[in-house]
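Listed below are the residues making up each chain.
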Amino acid sequence: MTKKINDDKIYDIIATVNFGLEAVVKRELLALGFDNLRVSDRKIEFKGNAEDIARCNIWLRSAERVYIKLTEFEALSFEELFEKTKAFNWPDLLPKDAEFPVQGRSYNSKLFSISDSQSIVKKAIVESLKEKYDTDWFSEDGPRYKLEIQILNDMASITLDTSGAGLHKRGYRDRAGDAPLKETLAAAMISLSFWRPERVLYDPFCGSGTIAIEAAMMAKNIAPGLDRDFDSMHWDIVGKDIYKSVKSEAMKMIDHDLKLQILGSDIDKRSILRARDNAANIGLSDDIQFFMKDMRDVDLLNNYGVVIANPPYGDRMGDIDSIKRLYRDFGKKFKELDTWSIYVLTSFEDFEKLYGRVADRKRKLYNAKLKVDYYQFYGPRPDYR
């Protein structure tokens, strides 16, 4: 029996964020019309309905996942964790055939065993469902509801992952290189550059094309989640109809006529072929020029362009001397192009020294689990008059 969907129900929503990108995602949420945002390390909390959940999954470019916070309580013992978990109205959320894996985290709490906490939460949910569905066994072969129990300073919070696969899984990247840049981080790098579509954008180490593709998507207002599946599409409380409506609205907002000057080069032929395939997957082949060439040999005009790049760090190439030489040559090339703004993500500690200039700003970020710095070298503002 299908539950009746209550579109007016308000949920506590959490957008999780990689460290250092909280302000970027906050701007994205404000642009989507959300307010009363509560920002803390690696997450932003706000309220919204089922349509808002779909809209966040489809439109957020730099967030990692979208969660619903289901319940929160103090838990000083496993018995307390069991009883307070069971007290939540699980049958109102989970259908009889739901698959509901439980993950866990614990920080500075009496209940420090993650595996035990996961097991107890799972058991409590099963006991709650038994009373509703009058059965001792659940097949768990239906829609997936990924749950997480987090215990921080003895306060337990149970959240539900509405996204499924992480939001960086746009769907266009069938082929990625050996050290792919996450799409969410690439989008954040573009946002932090304040690049505008009127300007040339060039990625001299384009790899599988992620930065260029994300820039084109942003410029043409293509929602990043338009062509993918989300776990909450298959739930009664959100559902396919709501997602279909939000996606249909997003399709109408695409700027198909915008002309762009986005370039990507790489010395590796396979990378260029991957980049072209990925751009074709999302219909952007005509908007980006990918070509095989050494950055040193690319001819560029001093025309207020923007470079956004994720060059080799040294861990991907065995010869550190070649990395140093690359960074020196990179700095020499753009020293001559003094109207360009340069944005570089790397973990290489001596980048500024090799580049030959101290960055106007440097941000600490993370590429997966690797600490990196985002170096920002500002050129003059172009005059659009």
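None of these values were measured; they are calculated from a predicted model.

A. The arrangement of the overall build of the protein chain in detail. From N to C terminus, the protein chain includes 10 helices and 14 strands. Dimensions along the principal axes, computed over C-alpha positions, put the protein chain at roughly 75 × 45 × 40 Å. Here the protein chain holds 385 residues, and the buried ones make up 54% of them. For the protein chain, long-range pairs separated by at least 24 residues make up 77% of all intrachain contacts whose partners lie at least 6 apart in sequence. In the form shown here, the protein chain has an accessible surface area of approximately 18,800 Å², with 47% of it arising from carbon and sulfur atoms. Computed over 61 positive and 63 negative side-chain charges, the separation of the two mean positions in the protein chain equals 4 Å.

B. Quick look at the sheet that holds strand 7 (residues 155-161). Reading across the sheet, the seven strands line up as 2-3-1-4-7-6-5 and stay open at both edges, with mixed pairing between neighbours. On the outer flanks of this sheet lie strand 2 (38-40) and strand 5 (102-107), each paired with one strand and no other. Averaged over all neighbouring strand pairs, the angle between strand axes comes to 30°, with direction disregarded. In this sheet, strand 7 lies alongside strand 4 (residues 65-74) in antiparallel orientation, the contact comprising seven bridges. Within strand 7, the residue paired with K69 across the bridge is T159. Along the sheet, helix 1 (residues 22-31) contacts strand 2 and strand 3 (43-48); its crossing angle with strand 3, the most-contacted strand, is approximately 20°. Where helix 4 (residues 114-133) meets the sheet, its contacts fall on strand 5, strand 6 (146-152) and strand 7, and the angle it forms with strand 5 comes to roughly 135°.

C. Layout of a positive patch on the surface. Taken together, the side chains of R325, R328, K332 and K353 define a basic patch exposed on the protein surface. With three residues, the top contributor of residues to the positive patch is helix 9 (residues 320-336). Checked against the element boundaries, K353 lands in helix 10 (residues 351-355).

D. A look at the nonpolar core. Core analysis: the biggest nonpolar cluster contains 122 residues, and F330 and F334 have the highest contact counts within it. Filtering out sequence-adjacent residues up to four positions away, F334 remains in contact with Y202, L300, V307, W340, I342 and Y355.

E. How the structure looks around the sheet that holds strand 12 (residues 341-346). Sheet architecture is open: seven strands sit in the order 10-9-8-11-12-14-13, paired in mixed fashion. Looking along the sheet, the strands with just one partner apiece sit at the ends: strand 10 (288-292) and strand 13 (361-367). Along the sheet, successive strands turn relative to each other by an average axial angle of 20°, direction set aside. Pairing of strand 11 (residues 306-309) with strand 12, which is carried by four bridges, proceeds in the parallel orientation. Directly across from V307, in strand 12, lies its bridge partner I342. Together, strand 8 (201-203), strand 9 (262-266), strand 10 and strand 11 form the strand contacts of helix 6 (residues 210-219), whose direction differs from that of strand 10 by roughly 170°. Along the sheet, helix 9 makes contact with strand 8, strand 11 and strand 12, crossing strand 12 at roughly 170°.

F. Structural view of the packing of helix 2 (residues 50-59) against helix 7 (residues 240-252). Where helix 2 meets helix 7, the closest approach of the two axes is 9 Å, and the angle between their N-to-C directions is 50°. The angle between helix 2 and helix 7 places the two elements in the oblique class. Both helix 2 and helix 7 take part in a crossing whose hand is right-handed. Packed against helix 2, whose contacting residues are A50, E51, I53, A54, R55, N57, I58 and W59, the element helix 7 presents I242, Y243, V246, K247, E249 and A250 at the interface.

G. Quick peek at the side chain of E148. Tracing the backbone through its elements, the reader meets E148 in strand 6. Polar contacts involving the side chain of E148 include one to the side chain of R105, which spans 2.6 Å. Beyond its immediate chain neighbours, meaning those up to four positions away, E148 contacts Y67, Q103, R105, S157, I158 and T159.

Conventions we followed
- Residues numbered from 1 in each chain as written.
- Predicted model: local features only at pLDDT ≥ 70, side-chain atom pairs only at ≥ 80, totals over all residues.
- Heavy atoms only, no water.
- Helix = DSSP H or I, 4+ residues; strand = E, 2+ residues; numbered from the N terminus.
- Buried < 20%, exposed > 50% of the residue type's maximum accessible area, 1.4 Å probe, protein only.
- Contact = heavy atoms within 4.5 Å.
- Areas by Shrake-Rupley, 256 points an atom, 1.4 Å probe, with all protein chains shown as cover.
- Lys, Arg positive; Asp, Glu negative; His and termini not counted.
- Charge placed at Lys NZ, Arg CZ, Asp CG, Glu CD.
- Pairing = 2+ DSSP bridges.
- Axes fitted to C-alpha atoms, helices over the stretch in contact; angles between N-to-C directions.
- Patch = residues over 30% accessible without salt bridge, like charges linked within 9 Å, V, L, I, M, F, W, Y side chains within 5 Å.
- Salt bridge = Lys/Arg side-chain N within 4 Å of Asp/Glu carboxyl O.
- Core = buried A, V, L, I, M, F, W, Y, C linked by side-chain atoms within 4.5 Å.
- Parallel < 35°, antiparallel > 145°, perpendicular 65-115°, else oblique.
- Left-handed = near helix turned anticlockwise from the far one by under 90°.
- Polar contact = N/O pair within 3.5 Å; in protein donor to acceptor, adjacent residues only side chain to side chain.

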